[in-house]
Amino acid sequence: MTSVWPLLLYYLLPLVGLWTYRRGGRTGTLAAGISWFLAAVALGVVIGDARSFAVISFYLLSLVAVMTAFLVVTGTNPVYGALSLIGTFTGIAGVFVVLQCEFFGIVQVILYAGAILVLYLFVVMMVDLPKENAQKRGGVRGIAAIATGLGLLALVVKALAPLGMRLQPAAGASAEPYSVRAVGTALFGPYLVPFEVASLLLLVALVGAIVLSGRERES
Amino acid sequence: MEAMTLPDLRELIPEATISISALIAILVGALARNYSSARRIAPAVALIGLVAAVPLMFAVPHATTVPTARFEGVFVADAFAVCLKLLFSAVGVIATLVSVNFLEAERQANGEYYGLLLLAVVGMMLTASARDVVLLFLGLEVLSLSTYVLVGYLRKDPHSTESAIKYFLLSSFATALLLYGLSLLYGISGGTSYAAIRAAGAHLSGDLRLVAMLSVVFLTAGIGFKATLVPFHMYAPDVYQGAPGCVAAFLAVGPKLAAFGALIRLLVEAMPGFASEWVPLLTVVSILTMTIGNLVALSQSNVKRMLAYSSIAHAGYMLIGIVAAFTPGVTADVRSQALAAVVYYLVAYTFMKMGAFGILLSIKPGDRFAETLDDLRGLGRRRPLAAALLLVFLLSLIGIPLTAGFTAKFYVFSSAISAGCYTLAIAGILNAVVAATYYSRIAIALYAVEPGRGEPYAAGGISLKVALAASAIAILLLGIFPGRVLETALQSVRSLF
């Protein structure tokens, strides 16, 4: 079932001829939404205990994420694409909260939905991108890409599916590993060096951006 | 909640020194742009930082004798790390010396250049010391991000920009694969430290074997990109050709050394339990890397591309030593000898490859630096010294006795034989024969009778000459007296176990 998605997505991308991009994108989004919703309801009925609330909210939030992700990829207007991406990030933030990783949920909203998306929109609006043109699709390359993607997906699913819920945190892990306090203690305790190196990384990115895009400088 | 104590940061002093000199170089470049004498300051700062870091590596108490793991094992400065960091400092020094004249000839502002070069060296050093996948990843990223910018440093040159974009896009993709592999490892072990991964790898059940296999494949892709292993090598010739000459010299060596250093530590300290996944994969990759690198190099007429393919082939030779070390059933003695051979190979490779790329920066027929075989034709008559130096580097790349290249190949192949990897040893020897043909094409062009195009006038200054002469002397010394370096390599590798 899962491996149908990449195939479906590929054929819903803006396409010359039979289907216009709008119809493709909306149909795909609707199909993804309905099937996801049915899966959520079915699971809720099957489980039917206290955990079902979390499971249903997980499915509803991931429904938002998947539907908007479809719109991001299949749309041709970059501004709509960026706006849909906000929906995807918000959905994922919700999933983090359901999984009791409140900190990452907040970070997801502030960083991705807030800062990075605003940056995207700035760039999109400043450079005045033309509407993306519909492309012809198919050929050996496309088929090879689909085959590779599906093969990789099948392998990952085969490897991870039997594990199910058996993966456990390492012994000695904090009881609430994703609370703000635990993250802070980890950052300034065992992960102090990586934390400092991350600031070095930001410095490199900053200097690099200035070198590559700043005023022309010659000696 | 217990009081928070700051970890002991003394072992980071060498990295901190180089980072600080990087900042000074950048500041000097920004503040003193309008003074022509300032052009000499930034490279001087870079050299001082790199050289000053060397005694500081030994100043840390016990750092070279007793392995010390601080920061709960995130960072370690054992003999292996110090040995690699010495080499990385040498790489930084040679890259700096090689760059001075090039940047002046291209009339480029240089403060940021040396700053980014130093930060790339810091990234390499961090990967050598990393005992935690988070630090490993960050170190590799500091290195990669700096090199993206260095490759695109000549903003007016479309080739430089093109290869920067190519390198950036492909390398980001490789980084994503590496991260996916690391996340699978985290899933298996529940921790990011090498110790946790090692503990989880000691008893892998049937279900987890496939996940381990997947993560090994992704790690090979991610690290193999930096080490230019086939099939992740495609970018190398294009990027080296388009990059500024001095950056190509660094790029052919720096990321590769960091990748091999990280691979050795990862295999020894984190993933000995995954050897049955690694060894068959790396065996195939090694043979492919040697063969494809050498065969494609045969048909190149651009020397920069040829050297790029030759560097791919050399990565394959180095991989032989790693496979030999982790072949199931080898004794501890053979294992450390094989890894020491790889470390020795890294040292030899550094000098011969940087030297060969550096020579191209000392020859300027027309308005650009030498790149094609035609540019080098008849060099032996007009610039006998430059031709002789290039000949030394070529002989070492071929692996002629009395050069570092020969001893390096000898140690790697003999370690493969004593580990029982006969296929790899034979493939390596056959490849070395094939490789000799294209290196000799360059050598023949050098001493060709008919004159080539243009008058190849000297483009190098004193710093380039020093770097090239020092590399050639190092190659000859390593070739004639290999014992001392091999002994150091052996001791450093033993500190891992």
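Throughout this description, residue numbers start from 1 for each chain and increase along the sequence as written. Each chain takes a letter, starting from A, and each ligand takes a number, starting from 1, following the order in which they are written. Residues qualify for local features only when their pLDDT is at least 70, as the model is predicted, and side-chain atom pairs are given and counted only at 80 or more; totals for whole chains, interfaces and linings, by contrast, use all residues. Hydrogens and water are ignored here; the side-chain numbers use all heavy atoms of the structure.

**Some points on the packing of helix α12 (residues 275-298) of chain B against helix α13 (residues 303-326) of chain B**
Residue and element names in this part refer to chain B. Where α12 contacts α13, the two axes come as close as 8 Å, and the packing angle between them is 155 degrees. Between α12 and α13, the angle is such that the two are roughly antiparallel. Considering the relative orientation of α12 and α13, their crossing is left-handed. Across the interface between the two elements, Ala-275, Val-279, Leu-282, Thr-283, Val-285, Ser-286, Thr-289, Met-290, Gly-293, Asn-294, Val-296 and Ala-297 from α12 touch Met-306, Tyr-309, Ile-312, Ala-313, Ala-315, Gly-316, Tyr-317, Leu-319, Ile-320, Ile-322, Val-323 and Phe-326 from α13. For this scheme, ten residues count as nonpolar: Ala, Val, Leu, Ile, Met, Phe, Trp, Tyr, Cys and Pro. Four count as charged, namely Asp, Glu, Lys and Arg, and the remainder, Gly too, count as polar. Tallied by class, the residues present in the contact of α12 with α13 amount to 18 nonpolar, six polar and no charged. Every angle, taken between N-to-C directions, lies between 0 and 180 degrees, and every axis is a line fitted to C-alpha atoms, over only the stretch in contact when it is a helix. By the criteria applied, helices consist of DSSP H or I runs no shorter than four residues and strands consist of E runs no shorter than two, each listed in order from the N terminus. Should an angle fall under 35 degrees it is taken as roughly parallel, and over 145 as roughly antiparallel, whereas 65 to 115 is taken as roughly perpendicular and any remaining angle as oblique. Left-handed describes a crossing whose near helix is turned anticlockwise from the far helix through less than a right angle; right-handed describes the clockwise counterpart. Contacts between residues were defined by any pair of non-hydrogen atoms, one from each residue, lying within 4.5 Å.

**Examining helix α8 (residues 192-213) of chain A**
Between the first and last C-alpha of α8 of chain A there are 32 Å, a value that for 22 residues agrees with the 32 Å anticipated at 1.5 Å per step. Of all the positions in α8 of chain A, only Leu-192, Val-193, Pro-194, Val-197, Leu-200, Leu-201, Val-204, Val-207, Gly-208 and Val-211 of chain A are classed as buried. Check the buried side of α8 of chain A and you find it contacts α7 (180-188) of chain A together with α1 (13-31), β2 (75-76), α4 (111-129) and α5 (133-151) of chain B. For a helix, the expected span equals 1.5 Å multiplied by the number of residues minus one. Relative accessibility under 20% of the residue-type maximum defines a buried residue, over 50% an exposed one, and the middle range a partly exposed one, all with a 1.4 Å probe and only protein chains included.

**A closer look at the pattern of salt bridges**
Residue and element names in this part refer to chain B. The salt bridge definition used is simple: a Lys or Arg side-chain nitrogen within 4 Å of an Asp or Glu carboxyl oxygen. Taken as a whole and assessed by the stated rule, the structure comprises 13 salt bridges over all chains. For Asp-375, the salt bridge identified is with Arg-368, shortest N-O distance 3.6 Å. Exposure remark for Asp-375: the relative accessible area of 4% places this residue in the buried category. Exposure remark for Arg-368: the relative accessible area of 38% places this residue in the partly exposed category. Three or more residues joined by partner-sharing salt bridges are found here, namely Asp-78, Arg-131, Arg-265 and Glu-269.

**A few points about the packing of α8 of chain A against α4 of chain B**
For the pair α8 of chain A and α4 of chain B, the least separation of the axes is 11 Å and the interaxial angle reads 150 degrees. Relative to α4 of chain B, α8 of chain A is oriented roughly antiparallel. The two elements α8 of chain A and α4 of chain B meet at a crossing, and its hand is left-handed. Facing Val-197, Leu-200, Leu-203, Val-204, Val-207 and Val-211 of chain A of α8 of chain A, the residues of α4 of chain B in contact are Glu-112, Leu-116, Leu-119, Val-122 and Leu-126 of chain B. The residue makeup of the contact of α8 of chain A with α4 of chain B, split by class, is 10 nonpolar, no polar and one charged.

**Details of the confidence of the model for chain B**
Along the chain, pLDDT gives the predictor's confidence residue by residue, from 0 to 100. Mean pLDDT for chain B: 89, with 94% of residues reaching 70 or above. Predicted as a complex, the structure gets a pTM of 0.88 and an ipTM equal to 0.89.

**Overview of a nonpolar patch on the surface**
All names here are of chain A. What goes into a patch is any residue over 30% in relative accessible area without a salt bridge, connected to like charges within 9 Å or, for nonpolar side chains (Val, Leu, Ile, Met, Phe, Trp, Tyr), within 5 Å. Exposure was quantified through the Shrake-Rupley algorithm and a 1.4 Å probe, taking into account, for residues, occlusion by the shown protein chains and nothing else. On the surface, a nonpolar cluster with roughly 550 Å² of combined accessible area is contributed by Leu-30, Ile-34, Phe-37, Leu-38, Ile-56 and Leu-60. Counting residues per element, the ones that place at least two in the nonpolar patch are α2 (21-47) and α3 (52-74). It is α2 that contributes the most residues to the nonpolar patch, four residues altogether. Within the element layout of this structure, Leu-60 appears in helix α3.

**Focus on helix α4 (residues 78-98) of chain A**
Look at α4 of chain A: 30 Å from first C-alpha to last across 21 residues, which is about the 30 Å you get at 1.5 Å a residue. Gln-100 of chain A sits one or two positions beyond α4 of chain A and adopts a positive phi of about 65 degrees.

**Thoughts on the environment of Met-354 of chain B**
Residue and element names in this part refer to chain B. With respect to the helices, strands and loops of the structure, Met-354 is situated in helix α14 (residues 332-360). Here Met-354 falls in the buried class, since its relative accessible area comes to 1%. In this structure the C-alpha to C-alpha distance between Met-354 and Leu-267, which are 87 residues apart in sequence, comes to 27 Å. Aside from chain neighbours lying at most four places away, what touches Met-354 is Val-91, Ile-94, Ala-95, Ala-249, Phe-250, Val-253 and Tyr-349.

**Considerations on unusual backbone geometry**
With the exception of glycine, most residues fall at negative phi, and the peptide bonds are largely trans. Residues and elements named next belong to chain B. Note that the residue after Val-230, namely Pro-231, is joined by a cis bond; omega there is 5 degrees. Examined against the element boundaries, Pro-231 turns out to sit in the loop between α8 (206-226) and α9 (235-242). The phi torsion at Thr-228 lies on the positive side, around 50 degrees, for a residue other than glycine. For Thr-228, the position within the fold is in the loop between α8 and α9. Classification of Thr-228 by relative accessible area gives buried; the value is 0%. Not every positive phi belongs to a glycine, and Leu-402 is a case in point at roughly 75 degrees. In this fold, Leu-402 is placed in the loop between α17 (384-398) and α18 (404-418).

**Looking at the packing of aromatic side chains**
Residues and elements named next belong to chain B. The aromatic pairing rule takes the rings of Phe, Tyr and Trp, using the six-membered ring of Trp, and pairs them if the centres are within 6.5 Å, calling planes under 30 degrees apart stacked, those over 60 edge-to-face and the rest tilted. Inspection of every chain in the model, using the stated rule, returns 20 aromatic pairs over all chains. Centroid distance Phe-406 to Phe-410: 6.1 Å. Interplanar angle 25 degrees. Geometry classified as stacked. In this pair, Phe-406 and Phe-410 both sit in helix α18, four residues apart, roughly one turn of the helix. Exposure remark for Phe-406: the relative accessible area of 31% places this residue in the partly exposed category. Geometrically, the ring pair formed by Tyr-438 and Tyr-439 is tilted, given 4.5 Å between the ring centres and 45 degrees between the ring planes. Among the aromatic side chains, those forming a connected cluster through ring pairs are Tyr-148, Tyr-167, Phe-168, Phe-225 and Tyr-235. Only when the NZ of Lys or the CZ of Arg is both within 6 Å of the ring centre and within 35 degrees of the ring normal is a charge said to sit over the ring. Lys-364 extends its terminal NZ or CZ atom over the ring of Phe-369, reaching a point 4.9 Å from the ring centre.

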